[in-house]
Amino acid sequence: MSYWLFKTEPDVYSIDDLKKEKMRITSWEGVRNYQARNFMRDDMKRGDLGFFYHSNCSQPGIVGVVEVVKNGYPDHTSWNSKSKYFDPKSTQENPRWFMVDVKYLRVFEKTITLAELKGNPKIKDFALVKKGSRLSVMPVPSEVWELILKMG
DNA sequence: GCCAACGTTGGC
DNA sequence: GCCAACGTTGGC
């Protein structure tokens, strides 16, 4: 089993929004980056765990934990011309974009902030804390996962 | 709101 | 296939 990190802007979709969903599950739609797409399509498996990360906000950081409850499948919003995620080059026969379903597990009492993560020398090679990292879905090495949990 | 870093697009 | 231009991300 693997560990992941899911980035989202809380103004758009926060961990509270996820908690309010029916069954506390949502599809992780709208990812339009090939590297992130490949992770979801090829590598993410049911039962994997993920950090839930709030970006582009007053206090960016990891706010909780989710579980992958459905393996990668075509992101149908790419076929919907009314959707802001519409991509005319994605077809039902040859879907370009994929998503997984994630389920709320828990929210941390206190956010593990990006500043704290950057201040931990043991995880300095983790993609999230590297300069210019823009991946919205990324793998978390298991040792990094454990180290970050201890920071909470 | 600024802007550096990055990914994508498209002309050639 | 190169690379300039452009759009987006996301911390600050």
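Thresholds applied
- Residues numbered from 1 in each chain as written.
- Chains lettered and ligands numbered in written order.
- Predicted model: local features only at pLDDT ≥ 70, side-chain atom pairs only at ≥ 80, totals over all residues.
- Heavy atoms only, no water.
- Near = heavy atom within 4 Å.
- Polar contact = N/O pair within 3.5 Å; in protein donor to acceptor, adjacent residues only side chain to side chain.
- Pairing = 2+ DSSP bridges.
- Helix = DSSP H or I, 4+ residues; strand = E, 2+ residues; numbered from the N terminus.
- Axes fitted to C-alpha atoms, helices over the stretch in contact; angles between N-to-C directions.
- Contact = heavy atoms within 4.5 Å.
- Salt bridge = Lys/Arg side-chain N within 4 Å of Asp/Glu carboxyl O.
- Buried < 20%, exposed > 50% of the residue type's maximum accessible area, 1.4 Å probe, protein only.
- Nonpolar A, V, L, I, M, F, W, Y, C, P; charged D, E, K, R; others polar.
- Arc of directions from axis to C-beta.

Asks: Mind showing me how you'd approach the protein's contact with DNA strand B here?
Replies: By nearness alone, every residue bordering DNA strand B is listed as Tyr34, Lys131, Gly132 and Arg134. With respect to DNA strand B, the side chain of Lys131 contributes an N or O atom lying 3.3 Å from a phosphate oxygen.

Asks: What should I look at first to understand the sheet that holds strand β6 (residues 137-139) in this one?
Replies: Pairing between the strands of a sheet comes from backbone hydrogen bonds, and it takes one of two forms, parallel or antiparallel. Read from one edge to the other, the open sheet built from six strands follows the order β2-β5-β4-β3-β1-β6, with strand pairing classed as mixed. Single-partner strands in this sheet number two, and they are β2 (25-27) and β6. Ignoring which end each strand starts from, the neighbouring axes of this sheet average 35 degrees apart. The sheet contact formed by β2 and strand β5 (residues 98-113) spans three bridges and is antiparallel. Looking at β5, one finds that Ser27 is bridged to Asp101. Of the strands in this sheet, β1 (3-8), β3 (49-54), β4 (61-74) and β5 are in contact with helix α4 (residues 142-151), which crosses β3 at around 55 degrees.

Asks: Would you explain the pattern of salt bridges in this entry?
Replies: Across all of its chains, the model carries five salt bridges by this definition. For Asp42, the salt bridge is made with Arg41, and the minimal N-O distance between the two is 2.8 Å. A salt bridge links Asp87 to Arg96; the nearest nitrogen and oxygen atoms lie 4.0 Å apart. Owing to a relative accessible area of 13%, Asp87 belongs among the buried residues under this scheme.

Asks: Mind showing me how you'd approach the protein's contact with DNA strand C here?
Replies: In the neighbourhood of DNA strand C, the contacting residues comprise Lys7, Tyr53, Ser55, Asn56, Pro60, Leu114, Lys118 and Arg134. Among atoms of DNA strand C positioned within 4 Å of the protein, sugar and phosphate together represent 75%. In this structure, Lys7 approaches DNA strand C through a side-chain N or O atom, which is 2.8 Å from a phosphate oxygen. Side-chain polar atom of Tyr53 to a phosphate oxygen of DNA strand C: 2.7 Å apart, as the coordinates give it. Across the surface near DNA strand C, the residue classes tally to three nonpolar, two polar and three charged.

Asks: For this particular structure, what's the right way to read helix α2 (residues 34-43)?
Replies: Each full turn of the α-helix corresponds to 3.6 residues, which orients residues three or four apart in the same direction. Taken together, the buried positions of α2 are occupied by Ala36, Arg37, Phe39 and Met40. Each buried residue of α2 lies within a common arc of 160 degrees when the element is viewed along its axis, so the set occupies one face. One side-chain oxygen at the N-terminal end of α2 lies 3.0 Å from the backbone nitrogen of Gln35; it belongs to Asn33.

Asks: When you look at the pairing of β5 in this model, what are you seeing that I'm missing?
Replies: Put simply, side chains in a regular strand alternate between the two faces of the sheet. In this structure, β4 lies alongside β5, joined through 10 bridges in antiparallel fashion. If you follow Glu67 over to β5, its bridge partner there is Lys103.

By themselves, these figures tell us nothing about what the structure is for.
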